[in-house]
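# Observations on the model geometry
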Amino acid sequence: MKKSLILLAFLSAAAFVQAQVKAYVSGKNYSLQSVDITLGNLIVNISEDGKITRFYADDLNGNVDYYDDENFDAYRYGKLKNIGNISIEYWDTPDKTDPKYGKIKSIGNVGVSYWDQGAFDKEKSGKVKKIGNVSIDYWGNDIIDNSRYGKMKIIDGISIDYGVKEVINQSRYGKLIQFGPVKIDYWSDDTFKDKRKYGKLKSVTGNSKDIMVVFL
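### Regarding the side chain of D36
Of note, D36 is situated in strand 2 (residues 32–39). Only 2.9 Å separates the side chain of D36 from the side chain of Y56, close enough to count as a polar contact. With residues near it in sequence (within four places) discarded, D36 still touches Q20, V21, K22, Y24, I43, V44, N45, R54 and Y56.

Below is the structure:
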């Protein structure tokens, strides 16, 4: 009985994480722009190239302050210090060339870590690796086609994929085609009646309140 309760709690937690992910896609070139990840009542937006662009919450109220010590806090000078009761901290490392130097370390009680610069995965350097309990990975080198290089690949088990070069069909090239269970397709060369459809959005399947793709 105890094991069943533990398993149920685990499944509920997993569902909670996935229910809080929303992808924003350009309506012009169909590339992934950014992703909203919700952790509790905090929503953090991360760009396709792994940068925190903004964060917000429904109950985000109060005074706003900034770090103002230019001499001792150079790594965070002029940056946001707090909004109401939510404090923001930044990474301070001895090596100023460290990929995480000066970047957000925590938002309230939500921690943020970044990929270090490795010899074989430079495309990940300085990008968000983990926010709260959500891990993020990125596409590496591909000998045949590097169009996905450095773009988001996985968000905590949610697979992300893009159209690569195909001999027969180029309509999906460079465009988002998968975001977890959400599949996206585009009009291809078989559009004989109306060539104006070629390369444009044809279908979206798998969208739900749990994992959602939104076209801007």
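### Concerning the environment of E89
Examined against the element boundaries, E89 turns out to sit in strand 7 (residues 86–90). Taking the C-alpha atoms as reference points, E89 and S106, separated by 17 residues in sequence, lie 5.2 Å from one another. Beyond its immediate stretch of four places on either side in the chain, E89 contacts Y67, Y75, R76, K103, I104, K105 and S106.

### What to know about the pairing of strand 12 (residues 152–155)
Side-chain positions along a regular strand alternate between the two faces of the sheet. As paired strands, strand 11 (residues 134–138) and strand 12 are joined by 3 bridges and run antiparallel to one another. Along strand 12, the bridge assignment pairs D137 with I154. Once strand 12 ends, the chain turns through 2 residues before running back antiparallel as strand 13 (residues 158–162), passing D156 with a positive phi of about 50°.

### Considering the pairing of strand 3 (residues 42–47)
The element strand 3 is largely enclosed, with a buried count of 6 among its 6 residues. The two faces of strand 3 match: L42, V44 and I46 on one face and I43, N45 and S47 on the other face are all buried. In this structure, the hairpin formed by strand 2 and strand 3 is closed by a connection of 2 residues, where G40 is found at a positive phi of approximately 65°. Two strands pair when backbone bridges link them, and strand 3 and strand 4 (residues 52–57) are joined in this way by 5 bridges, in the antiparallel orientation. Bridged to I43 within strand 4 is Y56. Once strand 3 ends, the chain turns through 4 residues before running back antiparallel as strand 4, passing G50 with a positive phi of about 85°.

Criteria and thresholds
- Residues numbered from 1 in each chain as written.
- Predicted model: local features only at pLDDT ≥ 70, side-chain atom pairs only at ≥ 80, totals over all residues.
- Heavy atoms only, no water.
- Helix = DSSP H or I, 4+ residues; strand = E, 2+ residues; numbered from the N terminus.
- Polar contact = N/O pair within 3.5 Å; in protein donor to acceptor, adjacent residues only side chain to side chain.
- Contact = heavy atoms within 4.5 Å.
- Pairing = 2+ DSSP bridges.
- Buried < 20%, exposed > 50% of the residue type's maximum accessible area, 1.4 Å probe, protein only.

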